[in-house]
Amino acid sequence: MAEEVMAALERNGVSFIGSPRGKAKKGMKPKMASMRIDIPATTPGRTISAVTSQITMIWEDIINGSRKDGSNGGDYITRKKIQHAEKMIRSAFVELYRALGLLKTYSSLNMKAFTKIVKKFEKVSNQRQAADTFLRKVKRSHFISSDKVVKLEDEVEAIFTEKFTDKDRKKAMKFLKPQQPKDSHMITFFVGLFTGSFVTLFSVYAILAHFCGIFSSSTETGYVEIVYPVFSMFALLSLHIFLYGCNIFMWKCTRINHNFIFDFNSRTALKHRDAFLICASFMTTVVGALVIHLFLKSAHVSDHVDAIPGALLVVLMVDFFMADQLTSQIPLLRHIEFTACYFMAGGFRTHPIETCTRSQHYKLLAYVISFLPYYWRAMQCARRYIEEGYELHHLANGGKYVSAMLAAAARLKYAVEPTTFWLAVVVISSFAATGYQLYWDFVRDWGFFDRRSRNKWLRDDLILKNKGIYYVSIALNLVLRLAWIESVMRLNLGPVEHRLVDFLLASLEITRRGHWNFYRLENEHLNNAGKFRAVKQVPLPFREMESDG
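Note that the structure is a prediction, hence the values are computed from the model and not measured.

### Quick word on the overall build of the chain
Phase 1: From N to C terminus, the chain includes 21 helices and two strands.
Phase 2: Within the chain, the fraction of its 549 residues that count as buried is 37%.
Phase 3: Within the chain, contacts between residues separated by at least 24 positions form 73% of all contacts whose residues are at least 6 apart in sequence.
Phase 4: Here the chain displays about 32,500 Å² of accessible surface, and carbon together with sulfur accounts for 61% of that area.

Here is the structure:
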């Protein structure tokens, strides 16, 4: 059946790119193809009509066949697969409808622009007759006078309404032309409310801590050991969310289409005010719990007062962190490890509290947690290397994370065994990994240091008007990438100062990541614009089948 469909589409000028038809192995199920349809520029109308009609016809045959024989479509077609395939085809129709809308908008914008050009020409040259001639000629041109795009749009709308929404046009238009939700001022109100509450509670906490002498050198370190991991965990998380909100705000101001790059639904995607609200509410909850904890501890109200910071662990964490973001959140992950261990050991009384800092199992888990984000990202690169035709670019990108894993392992070993040998290993591996990362940041991710660029040391296309910002960003990223030097300096600090320095360095790394995010998406957006990518490529659920003969 797939062969008949593909042959029919090829007769109408369609070619399939990126998924050559291969033979199915004996005894194995044929592989699901992810094909991209190449629409020829000469006959787009006829080709799109053929595609929609063939897809609709074959889809009806599949559904009707599975209903008649009662076997859910034979050996390979199940209800779940049919629903998945239907979702893929529906998405393809939505993207096709969106692409036709963009073509129509492109045509009207060009007409409007040319009209303004002609009016300017008429004003400068005082040649009204010539201007009218130019305007009439443009209005008669094919890209203005043709109604093919409108007809194709109507045809796609009719097919979608009939096949996917049971002829309910109102429901169909919710898919084809989704309405953007209106912004609510209540979110802004709550952002201000929680921000003010956080500032007030933090001021109260600072005053109480000062009078109680919590952070003085003579105070026992138990309080810092309890509070620091919990507070740092949520503070670093909130900082990352806050910077993500700043990223969204900057992308919106500079018209970088981050929703398209991330494949987000524009109706449900997180907005910058939503991110700020999550951040402010997190920090208000955390500081409020710390104020209660400190007040009860100083008053000696209960023996179980140390469980209050642990109650914060029930707060849900936002799940939009990507693998690249996690590589900047290793301190957060280690704080989660310590906090969970501390409150499990203290709550269930199964082990002494010192188990969470001195046991070999804890140290081994710290090693694993330090490697996991880099390992996940390296495995993603390896998968893309295999799936996208063994492109060396992905393999080289994975090498960056492998070098970071080796450098992290050397620093952890040096922390346990501070000898001259391991110091040399740390310096060599860390400088090598940093050089690798800086090259990838500047050249690959940001697109800078193009020798042929008209903007020295940058790239040709820049969104920000002030080029000095880019040079400052390069220097800032370089400095923040070298923050690991503090780990080998062995500064003589007290327990409180040591914790504060660790928190500062972790915050700087998250700040660097938020700073990196903007330029990474700027470069990706410019690449999409340069290659005229405005709609997603949706794979079609056709199987690759070919006889063994």
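### Let's talk about the UniProt feature "transmembrane region" (unreviewed entry) in the chain
Phase 1: As annotated in UniProt, the feature "transmembrane region" (unreviewed entry) corresponds to residues 187–208, 228–250, 275–296, 308–326, 421–440 and 468–484 in the numbering used here.
Phase 2: Helix and strand shares over residues 228–250 are 100% and 0% respectively, and the end C-alpha atoms of the span are 32 Å apart.
Phase 3: Within residues 421–440, the helical portion is 100% and the strand portion 0%, while the C-alpha atoms at the span's ends are 29 Å from each other.

### What about the packing of aromatic side chains?
Phase 1: Counted according to the given criterion, the structure contains 26 aromatic pairs.
Phase 2: With 5.3 Å between their ring centres and 85° between their planes, Tyr-385 and Tyr-390 make a pair best called edge-to-face.
Phase 3: Classification of Tyr-385 by relative accessible area gives buried; the value is 18%.
Phase 4: For the pair Trp-446 and Tyr-519, a centre-to-centre distance of 4.9 Å together with 45° between the ring planes defines the contact as tilted. In this pair, Trp-446 sits in the loop between helix H18 (420–445) and helix H19 (468–481) while Tyr-519 sits in helix H21 (residues 495–530), placing the two residues 73 residues apart along the sequence.
Phase 5: Residue classification places Trp-446 among the buried residues on the basis of a relative accessible area of 0%.
Phase 6: Just above the ring of Trp-440 sits the side chain of Arg-444; from NZ or CZ to the centre is 5.3 Å.

### Some remarks on the environment of Leu-462
Phase 1: Tracing the chain through its elements places Leu-462 in the loop between H18 and H19.
Phase 2: In this structure the C-alpha to C-alpha distance between Leu-462 and Tyr-519, which are 57 residues apart in sequence, comes to 10.0 Å.

### A few points about the environment of Ser-507
Phase 1: Looking at where Ser-507 falls in the secondary structure, it is placed in helix H21.
Phase 2: Between the C-alpha atoms of Ser-507 and His-240, which are 267 residues apart in sequence, the distance is 8.7 Å.
Phase 3: Ignoring sequence-local partners within four residues, the contact set of Ser-507 consists of Leu-236 and Leu-239.

### Re the packing of helix H3 (residues 79–125) against helix H7 (residues 169–176)
Phase 1: H7 packs onto H3 with a crossing angle of 75° between their chain directions and a minimal axis gap of 9 Å. In terms of axis orientation, H3 runs roughly perpendicular to H7. Along its contact with H3, which presents Arg-90, Phe-93, Val-94 and Tyr-97, the element H7 presents Met-173, Phe-175 and Leu-176.
Phase 2: Of the residues in the contact of H3 with H7, the class split is six nonpolar, no polar and one charged.

### Points about the pattern of salt bridges
Phase 1: With the rule as written, the count across this model stands at 14 salt bridges.
Phase 2: Of the charged contacts, one joins Glu-417 and Lys-413 as a salt bridge, the two residues approaching to 3.4 Å between their closest N and O atoms.
Phase 3: Arg-512 is paired through a salt bridge with Asp-441; the nearest N and O atoms lie 3.8 Å apart. One end of the pair, Arg-512, is in helix H21; the other, Asp-441, is in helix H18, and 71 residues separate them in sequence.
Phase 4: Of the residues examined, Asp-441 reaches a relative accessible area of 1% and is grouped as buried.
Phase 5: Three or more residues joined by partner-sharing salt bridges are found here, namely Asp-441, Arg-481, Glu-509 and Arg-512.

Thresholds, definitions, all that
- Residues numbered from 1 in each chain as written.
- Predicted model: local features only at pLDDT ≥ 70, side-chain atom pairs only at ≥ 80, totals over all residues.
- Heavy atoms only, no water.
- Helix = DSSP H or I, 4+ residues; strand = E, 2+ residues; numbered from the N terminus.
- Buried < 20%, exposed > 50% of the residue type's maximum accessible area, 1.4 Å probe, protein only.
- Contact = heavy atoms within 4.5 Å.
- Areas by Shrake-Rupley, 256 points an atom, 1.4 Å probe, with all protein chains shown as cover.
- UniProt positions renumbered as here; feature names shortened; annotations may be inferred.
- Phe/Tyr/Trp six-rings, centres within 6.5 Å; stacked < 30°, edge-to-face > 60°.
- Lys NZ or Arg CZ within 6 Å of the ring centre and 35° of its normal.
- Axes fitted to C-alpha atoms, helices over the stretch in contact; angles between N-to-C directions.
- Parallel < 35°, antiparallel > 145°, perpendicular 65-115°, else oblique.
- Nonpolar A, V, L, I, M, F, W, Y, C, P; charged D, E, K, R; others polar.
- Salt bridge = Lys/Arg side-chain N within 4 Å of Asp/Glu carboxyl O.

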